[in-house]
Structure formats: structure tokens, C-alpha cells
Amino acid sequence: MRASYLDYNATAPLRPEARHAVIAALAQPGNASSVHGFGRAARQAVEAARESVAALAGARPEQVVFTGGGTEANNMALRAARRGVVASAGEHDSVLGACASGSAIGACAPVIAPVDSSGVVDLEQLARLLDGEAPPDVVAVMLANNETGVIQPVAEAARIAHGRGAVLHCDAVQAAGKIPLDLTALGADSMSLSAHKLGGPQGTGALILRAGHEIEPLLRGGGQERNRRAGTENVAAIAGFGAAARAASRDLDTFMELAAQRDDLERQVLALAPEARVHGAAAPRLPNTSCFGVPGLAAETLVMALDLSGVAVGAGSACSSGKAASSHVLRAMGIGEARVAEAIRISLGWASGEEDIAYFMAAWQTCLNRNPSVKRAAV
Ligand code: PLP
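Small disclaimer: the values here were computed from a predicted structure and weren't measured.

Colleague: Explain the domain arrangement of the chain to me, please; I cannot follow it from the model alone.
Modeller: Many authors give the size of an interface as the accessible area that is lost as the parts come together. Once the domains are mapped, the chain shows domain 1 (4–13 + 253–378) and domain 2 (16–250). Taken together, the contacts link 30 residues of domain 1 with 32 residues of domain 2. Inspection of the domain 1/domain 2 interface yields zero salt bridges. At the boundary of domain 1 and domain 2, one finds 13 residue pairs in polar contact (both at pLDDT 80 or more). Elements represented by at least two residues in the side of domain 1 that touches domain 2 include exactly α10 (252–256), β10 (289–293) and α13 (328–332).

Listed below in C-alpha cells is the structure:
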């Protein structure tokens, strides 16, 4: 059976460059802290990866702290909070959950900055939440949303935060390798990346820190990562991350061209089902992401039916539990439960092609035709 993988925002297939780097590193012994030749070779692999990740993020190598993924990087960044966190409503669970349960300030739920109907954070409301007595001192605004691909005005949010004595953390996990990234231009004090979203191995990522912005370590013990993250470095995964970051930087222009394929897919969907609704379409979006639903076509059954045809797409935000949880991202945009339950996510990437979209369209149309209650275009 033909397979069509269109779930890159959940995880991207491992790039060949990354696979090669992981295997090469695994074939060598060597703790990056050892002084002998094997250790120095491991150190070299880690530092080469650090340079590549820094280049992708518009930062310097010493600003990169390798972590066990995007979730850990977000948890670490939010430890900067002393008085509390304001988070935009569409943040990933690894941001919302981190400030709810374990920042340096102890357990406290984040204050939520609302988003408008296209999913963009309301900057006036954000500013208002930072005024007043003893306001939160960390603002979390992601660069691009994992479900809708909507790009947030991070630089403006950073100006608002800084003007009120707060720091800004930016979860750039979904943006990295998909749109240009520049820590300084964004004005962010910290930024999270995850290797597996850009074709590197799962379970590794990075927190990028603005020069001078230091954060209490989440993991204590050894002095690795300049005392910012204890524990023997995962040399193979980090080497794979570096190779993926290099490839993603190289391919950035090509990646941006995926927008034309995505727009074409949405045109075809709307031509077949004019009542379809594309979520976040009015805002700037990542070039690879489309989140849409058709009234009467439940996402849960659609995803399963597509899977039987070998087509992999996402539904809602259910990436951690394995079952469809109602999307807080779409609900925050004012979308009703019924429409939320119909939303599926197509996300393209480095190895997807027009033939994958054509295959998806054929399988999706079959599902549409099987469902007589759905309004279709008159033919
Ligand atoms: N932030 C965003 C926006 C994400 O989409 C994800 C993963 O889905 C994460 C953070 C968590 O990254 P990781 O899977 O590396 O823990």
C-alpha cells in the first residue's frame, strides 16, 4: 500500500544527514567530558552541533544549552519566573503545564493572554496583564503554533514585556527550520528548539539564551553545558540535531515554497466542500501547515479512515496522549466544540511532495463521498 506521511508538525522523518551523524557518533565510544582522544572527538561532535544549532537560531554557540527536547527547554525557561507567567492562549502544553506545576515560583497557573479569532495574541490585553502591582515577570509567546501554524508577533510582545520589566520566552519549536529564526531580531530572552521537528532525532532539543540571561538549571549535578544542564551529553542525538539543523538551514528557501502546495491543497478542499473552514487562514502562517474541518466530518473517524488508506495526518493537539483531546488552541480562537471536533491538521515537510498531497486528496475525497450528510460543491 502507498503511504503518505503528512504529520511533520508531530514529528518529521529523520533526515539522512541526521541518521548518518547519529550512527557515526554511536559507533564511537567517548564521553564529551573525557580528556582522552575519544572524549575529545565526542566533544568536537557536540561543539560542531552547537555551532549549527546556533546558526539556525541566529545566536552564538555559547548561547545554546542542549536539553532532552522542547518540553525540557520550555520547562527550564519558565524557571526564570519569580512573580508569575503570562502565556498566550495557544501555547503548547509544555509551556502551560510547566508554569502550572513547577517553576521556580512553585505551583501557579499561568495568566492567559487571549488570542483573536485568527489565533494571534492580543497585544493590548497582553500589555494590560503586565500592568498593575507585582505583575508576572515572564511572558511566553510561541513563534508559530503547532496546530494552525499561525505566526505570533513575538518582537512586539518582547517590546511590551521589556517595557514592563518582564522577560520574554519564545517557544520556536515549530518555527525552526520552517521560517527564518533570529533570537536578536525577535528580542527574545530565551527560545526553545526541538530536534525531531526539523528532521533530527527525538528526545533532544535546545534552549537558546540571550547573552546575560541566565536561568537556574532544571537538572543539577555535573557541570555539563556550562553548569546549565547536568548530565552526560547525548552525543549521538546532539550530533544528529546538528546535522538536521545544518540541512534545515540549507533547505530553508525550499521549505518556504511549500506554502504554494499548501495553498493549492486548501483550494482543492474548498472547491470540493465549500463549507470547509481553514483555521488561522487570515493570519500569517507557517508555509507547511493547514488546519481545517468540514461540518459533519468528524476528525477522529476521518483520521482513522485516512490511516487505513496509508495517509497520516493529525487531529486536534492529541500528540501526547494518543487519543483526541479537544484543542485548547482552536477553542481559544472562539471556535465552537463541534467545529473543533472536525479539525484535522496537514503538515508538509522536507520529504513530502505533490504526489503525497494528491494521494491525500483522493483518500479525503473518498471519505467525503462516503458521508452523505456533508454539503458538497454542486457539480
Ligand atoms: N512546543 C511545541 C510548539 C511543540 O509542537 C512541541 C511538540 O509537539 C513541543 C514544544 C515539545 O517538544 P518535544 O516533543 O521535543 O518535547
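What follows continues from the structure just given.
Colleague: What is the right way to read unusual backbone geometry from this model?
Modeller: Glycine aside, negative phi is the norm for most residues, and most peptide bonds take the trans geometry. Unusually for a residue other than glycine, Glu225 sits at a positive phi of about 50°. Examined against the element boundaries, Glu225 turns out to sit in helix α8 (residues 224–227). Residue Glu225 is classed as buried on the basis of its relative accessible area, which comes to 7%. Not every positive phi belongs to a glycine, and Arg226 is a case in point at roughly 50°. Looking at the element boundaries, Arg226 is found in helix α8.

Colleague: Hey, could you run me through the sheet that holds strand β4 (residues 111–113) in this one?
Modeller: The strands making up a sheet associate through hydrogen bonds between their backbones, and the pairing can be parallel or antiparallel. The mixed open sheet is built from seven strands, whose spatial order is β2-β8-β7-β6-β5-β3-β4. Since the sheet does not close on itself, it has two edges, and those belong to β2 (64–67) and β4, each with one partner. Each adjacent strand pair in this sheet contributes to an overall mean axis angle of 20°, direction not counted. Strand direction decides the pairing type here: strand β5 (residues 138–140) and strand β6 (residues 167–171), joined by three bridges, are parallel. Its bridge partner being in β6, Val139 is matched across the sheet by Leu168. Lying over the sheet, helix α5 (residues 123–130) contacts β3 (85–88), β4 and β5, oriented at roughly 155° with respect to β4.

Colleague: Help me understand helix α3 (residues 70–77) in this model?
Modeller: Residue pairs three or four apart in sequence face the same way in an α-helix, which turns once every 3.6 residues. Burial within α3 is extensive, with six of its eight residues counted as buried. Restricting attention to buried positions, one finds in α3 the residues Gly70, Glu72, Ala73, Asn74, Met76 and Ala77.

Colleague: Would you mind going over the nonpolar core with me for this structure?
Modeller: Considering soluble globular proteins, one finds that nonpolar side chains tend to be buried as a cluster. In this structure, Val53, Phe66, Leu143, Leu168, Leu193 and Ile208 are the most contacted members of the largest nonpolar core, which totals 66 residues. Broken down by element, the residue count for this core peaks at nine residues, all from helix α9 (residues 235–250). Per-domain counts for this core show at least three residues from each of domain 1 (4–13 + 253–378) and domain 2 (16–250). If near-sequence neighbours (up to four positions away) are discounted, Leu143 is found in contact with Val150, Ile151, Gln152, Val154, Cys170, Asp171, Ala172, Ala175, Ile179, Leu181 and Leu186. Formed by 30 residues, the second largest nonpolar core is a distinct cluster that contains Ala276, Ala315, Ala363 and Val374.

Colleague: It is not clear to me how the site of the ligand should be interpreted in this structure. Could you clarify?
Modeller: By nearness alone, 14 residues border the ligand, and Gly70, Thr71, Asp171, Ser194 and Lys197 come closest of all. A distance of 2.8 Å separates an oxygen atom of the ligand from a polar atom in the side chain of Gln174. Here an oxygen atom of the ligand sits 2.6 Å away from a polar atom, N or O, in the side chain of Lys197. In isolation the ligand exposes 390 Å². Once the protein is present, 89% of that is buried. In terms of residue count, the dominant contributor to the shell around the ligand is α3 (three residues).

Colleague: What is the right way to look at the pattern of salt bridges in this model?
Modeller: Where charged atoms from two side chains of opposite charge come close, those side chains can pair. For the structure shown, the criterion picks out 23 salt bridges. In this structure, Glu62 and Arg60 form a salt bridge, with 2.8 Å as the shortest nitrogen-oxygen distance. When its relative accessible area of 30% is taken as the criterion, Glu62 is described as partly exposed. Where salt bridges share partners, they join Arg43, Glu47, Arg50, Glu225 and Glu233 into one cluster.

About the thresholds
- Residues numbered from 1 in each chain as written.
- Predicted model: local features only at pLDDT ≥ 70, side-chain atom pairs only at ≥ 80, totals over all residues.
- Heavy atoms only, no water.
- Domains from an automatic or database assignment.
- Contact = heavy atoms within 4.5 Å.
- Salt bridge = Lys/Arg side-chain N within 4 Å of Asp/Glu carboxyl O.
- Polar contact = N/O pair within 3.5 Å; in protein donor to acceptor, adjacent residues only side chain to side chain.
- Helix = DSSP H or I, 4+ residues; strand = E, 2+ residues; numbered from the N terminus.
- Buried < 20%, exposed > 50% of the residue type's maximum accessible area, 1.4 Å probe, protein only.
- Pairing = 2+ DSSP bridges.
- Axes fitted to C-alpha atoms, helices over the stretch in contact; angles between N-to-C directions.
- Core = buried A, V, L, I, M, F, W, Y, C linked by side-chain atoms within 4.5 Å.
- Near = heavy atom within 4 Å.
- Areas by Shrake-Rupley, 256 points an atom, 1.4 Å probe, with all protein chains shown as cover.

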